[in-house]
Amino acid sequence: MTMANSLSIRDNRSGKEIELPIIEGTEGPGVLDFTKFYKEFGLFTLDPGFRSTASCKSDITFIDGDKGILLYRGYPIEQLAENSTYLEVCYLLLKGELPNQDQCGEFTKTITKHTMVHEQMLNFYRGYRRDAHPMAIMVGVVGALSSFYHDSLEIDDPRHREISAYRLLAKLPTIAALSYKYSKGQPFIYPDNSLSYSANFLNMLLSVPCQPSEISPVMVKAMDLILMLHADHEQNASTSTVRLAGSSKANPFAAISAGIGALWGPAHGGANEAVLSMLQEIGSVDRIGTFVERAKDPNDSFRLMGFGHRVYKNYDPRARILKKAAHEVLADRDRLDDPLFKIALELERIAQEDEYFKSRKLYPNVDFYSGIIQSAIGIPTNMFTVIFSVARTIGWISQWVEMISEKGQAIGRPRQLYTGHKKRDYVPLAQRKIL
Ligand code: SDX
């Protein structure tokens, strides 16, 4: 009897037919349940880049790429950006609900109290060259956190999972700021528990012992917004890396370090740094046309960085919010005539009118304007992806907690289509042909 909610697949070679159950979610496309497929048919599914593959079930973030919708635990990103704070969004992503007054106070106090790192961790930095990319330092130092916290590595213990999540959330800004100070040869700045999360982060990044930092409320709000908008994004490359690394029951610090490595690539979180380099290379509005033509040329590897997205085939809602914030921050810093911002606005206008970009539904993504804002508040380009990794840590650890807590959680182990040599016998060295 054919199941109502199913898809029948027939192997025309043998005439064998199988029904695959269709499972519907609360929003967005349903899925075909392939768990029995290999057993029944002896075939794997092949989907390089996972364009048609759902790797897991999740309650955390929903994206509708066609409509440009992003929900964190059901709340629209526009409403959170307008009304919430990064720490409140962290509570929401990790626990599933917005905190009440007491919960918010308790959570803020706990995170604030754990912002320092073990003093011995500072030795790790001195092993790096001064000109090391800060992301190289982040991958190493975050992975090393597990060597200090043996008291919270029982990942099957919900309390240990919570303590590790809190430690990562509290210490990532400190580790990030230390990586920047080290690269500048400036003294390390310790956390200041009298400041808010984002104000403390900016203070550790921008202040020096000989003079207090000039951090304005607009800069703090801009940093908090950037952190909020980058907090989670369903099963992107770095989150999928964290899930896969964590599925082997590696400790959360190792899994997050793997995610930082994946985020670093220019096709992913490294794009924000690449956008600034691209805008600087374009140099002036009248050179935009040349670069747009290069981006369209299939024989030229140049891409418009900050454009296009695997899921969004509409304007990335985060880019829309960041574009507005860029105006506000540049106005506050009296830099509305910022040449790179002018190039970015004109580049977006030209690309949006060009058939190549329109037909491929290539719009600005989260990385297109975030660098403009970070530059305006004094963050150097090589720290943009580090800031992204600080922001995304809550998304990674929330998805890791969701995976590890799942009943029947199994190690992720994809198969392959083998196209190599068939079995062949060893040839002794003396008998091998000289080519
Ligand atoms: C992030 O997944 C997430 O959620 C990621 C992220 C998150 O929050 O975690 O949103 C963060 O990583 C945003 C993306 C940042 N990356 C960039 O801005 C780099 C530039 N973008 C491209 O590299 C690309 O758009 C990707 C990697 C983002 C998406 O690549 P896809 O989905 O594999 O798309 P594709 O390469 O199949 O492109 C389809 C077509 C191709 O042309 P044709 O072969 O059809 O002729 O569009 C073209 C591509 O050549 N294309 C571009 C382009 N992006 C795609 N052409 C010029 N410039 C671009 N930026």
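To be clear, the structure that these remarks concern was listed above.
Residues numbered from 1 in each chain as written. Predicted model: local features only at pLDDT ≥ 70, side-chain atom pairs only at ≥ 80, totals over all residues. Heavy atoms only, no water.

Tell me about the site of the ligand, and name the residues and values.
Of all residues adjacent to the ligand, which total 24 residues, the nearest are His 233, His 309, Arg 310, Arg 318 and Arg 392. His 309 has a polar side-chain atom sitting 2.6 Å from an oxygen atom of the ligand. At 2.7 Å from an oxygen atom of the ligand is found a side-chain nitrogen or oxygen belonging to Arg 310. Its residues assigned to classes, the shell around the ligand comprises 10 nonpolar, 7 polar and 7 charged. (Near = heavy atom within 4 Å. Polar contact = N/O pair within 3.5 Å; in protein donor to acceptor, adjacent residues only side chain to side chain. Nonpolar A, V, L, I, M, F, W, Y, C, P; charged D, E, K, R; others polar.)

Quick rundown of the packing of helix H6 (residues 134–144) against helix H18 (residues 384–405)? Include the residues and the values.
Across the interface, H6 lies against H18 with an axial gap of 8 Å and an inter-helix angle of 30 degrees. Taken together, the axes of H6 and H18 lie roughly parallel to each other. Contacts between H6 and H18 involve Pro 134, Met 135 and Met 138 from the former and Thr 385, Val 386 and Ser 389 from the latter. By residue class, the composition of the contact of H6 with H18 is 4 nonpolar, 2 polar and no charged. (Axes fitted to C-alpha atoms, helices over the stretch in contact; angles between N-to-C directions. Helix = DSSP H or I, 4+ residues; strand = E, 2+ residues; numbered from the N terminus. Parallel < 35°, antiparallel > 145°, perpendicular 65-115°, else oblique. Contact = heavy atoms within 4.5 Å.)

Explain the sheet that holds strand S2 (residues 16–23) to me, and be specific about the residues and the numbers.
Spatially, 3 strands are ordered S1-S2-S3 in an open sheet, and the strand pairing comes out antiparallel. Only two strands of the sheet have a single neighbouring strand rather than two, namely strand S1 (6–11) and strand S3 (31–32). (Pairing = 2+ DSSP bridges.)

I'd like a rundown of the side chain of Ser 84, residues and numbers included.
With respect to the element layout, Ser 84 can be found in the loop between helix H2 (77–83) and helix H3 (86–95). Of the polar contacts made by the side chain of Ser 84, one reaches the side chain of Glu 88; its length is 2.5 Å.

Let's hear about the pattern of salt bridges: which residues, and what values?
Applying the stated rule across the entire model yields 20 salt bridges. Ionic pairing is found between Glu 40 and Lys 16, a salt bridge with its closest N-O pair at 3.8 Å. Of this pair, Glu 40 sits in helix H1 (residues 37–41) while Lys 16 sits in strand S2, placing them 24 residues apart in sequence. Glu 40 sits in the partly exposed class, given a relative accessible area of 37%. Here the salt bridges share partners, and the residues they tie into one network are Lys 95, Arg 159 and Glu 162. (Salt bridge = Lys/Arg side-chain N within 4 Å of Asp/Glu carboxyl O. Buried < 20%, exposed > 50% of the residue type's maximum accessible area, 1.4 Å probe, protein only.)

How would you summarise the pairing of S1 if you had to cite specific residues and measurements?
Within a regular strand, side chains alternate between the sheet's two faces. With 6 bridges joining them, S1 and S2 adopt antiparallel strand pairing. Along S2, the bridge assignment pairs Leu 7 with Leu 20.

Give me the lowdown on the packing of aromatic side chains, citing residues and values where you can.
Aromatic rings in a pair are described by how distant their centres are and how their planes are angled relative to each other. According to the stated counting rule, one finds 16 aromatic pairs in the structure shown. Geometrically, the ring pair formed by Tyr 356 and Phe 357 is edge-to-face, given 5.0 Å between the ring centres and 75 degrees between the ring planes. Put simply, the rings of Phe 307, Phe 341, Tyr 356, Phe 357, Phe 368 and Tyr 369 touch in pairs and so form one group of aromatic residues. (Phe/Tyr/Trp six-rings, centres within 6.5 Å; stacked < 30°, edge-to-face > 60°.)

I'd like a rundown of helix H4 (residues 101–113), residues and numbers included.
Relative to the 18 Å expected for 13 residues at 1.5 Å per residue, H4 spans 18 Å between its end C-alpha atoms, a close match to the ideal helical length. Its buried side turned inward, H4 meets H3, helix H7 (158–184) and helix H8 (197–206). Two to three positions downstream of the cap, the backbone nitrogen of Asp 102 sits 3.0 Å from a side-chain oxygen, assigning the N-cap of H4 to Asn 100. (Expected span 1.5 Å × (residues − 1).)

Please provide a residue-by-residue account of the sheet that holds strand S4 (residues 61–64), values included.
Taken in spatial order, the 3 strands make up an open sheet running S4-S5-S6, and their pairing is antiparallel. Strands at the two margins of the open sheet, each flanked by one partner only, are S4 and strand S6 (75–76).

Can you tell me about the side chain of Thr 393, naming the residues and giving the values?
Positionally, Thr 393 belongs in helix H18. Residue Thr 393 is classed as buried on the basis of its relative accessible area of 1%. When residues no more than four places from it in sequence are discounted, the contact partners of Thr 393 are Leu 168, Leu 172 and Ile 256.

Can you tell me about helix H14 (residues 317–332), naming the residues and giving the values?
Between its first and last C-alpha, H14 extends 23 Å over 16 residues, near the 22 Å set by a 1.5 Å rise per residue. The inward-facing, buried residues of H14 abut strand S5 (69–72), H2, helix H9 (217–229), helix H15 (339–353), helix H17 (367–376) and H18. Once H14 finishes, Asp 334 follows within two positions and takes phi at roughly 55 degrees, a positive value.

Give a detailed account of the environment of Phe 291, specifying residues and quantitative values.
Mapped onto the secondary structure, Phe 291 falls in helix H13 (residues 288–296). For Phe 291, a relative accessible area of 5% translates into the label buried. The spatial distance from the C-alpha of Phe 291 to the C-alpha of Phe 148 is 48 Å, given a sequence separation of 143 residues. Look past the residues within four positions of Phe 291 in its chain and what remains in contact with it is Glu 281, Ile 282 and Phe 302.

Explain the pairing of S5 residue by residue, including any values.
With 4 bridges joining them, S4 and S5 adopt antiparallel strand pairing. Residue pairing for S5: Thr 61 is matched across the bridge by Tyr 72. Taken together, S4 and the strand that follows it, S5, pair antiparallel across an intervening segment of 4 residues, in which Gly 68 is found at a positive phi of about 70 degrees. Here S5 pairs with S6 via 2 bridges, running antiparallel. Paired with Leu 71 across the two strands is Pro 76, which belongs to S6. Where S5 folds back on S6, the antiparallel hairpin that results is connected by 2 residues, among which Arg 73 adopts a positive phi of roughly 50 degrees.

Explain unusual backbone geometry to me, using residue names and the numbers behind them.
In this structure, Glu 234 takes a positive phi of about 45 degrees despite not being glycine. Given the relative accessible area of 25%, Glu 234 is considered partly exposed. In this structure, Lys 361 is a non-glycine residue whose phi angle is positive, near 50 degrees.

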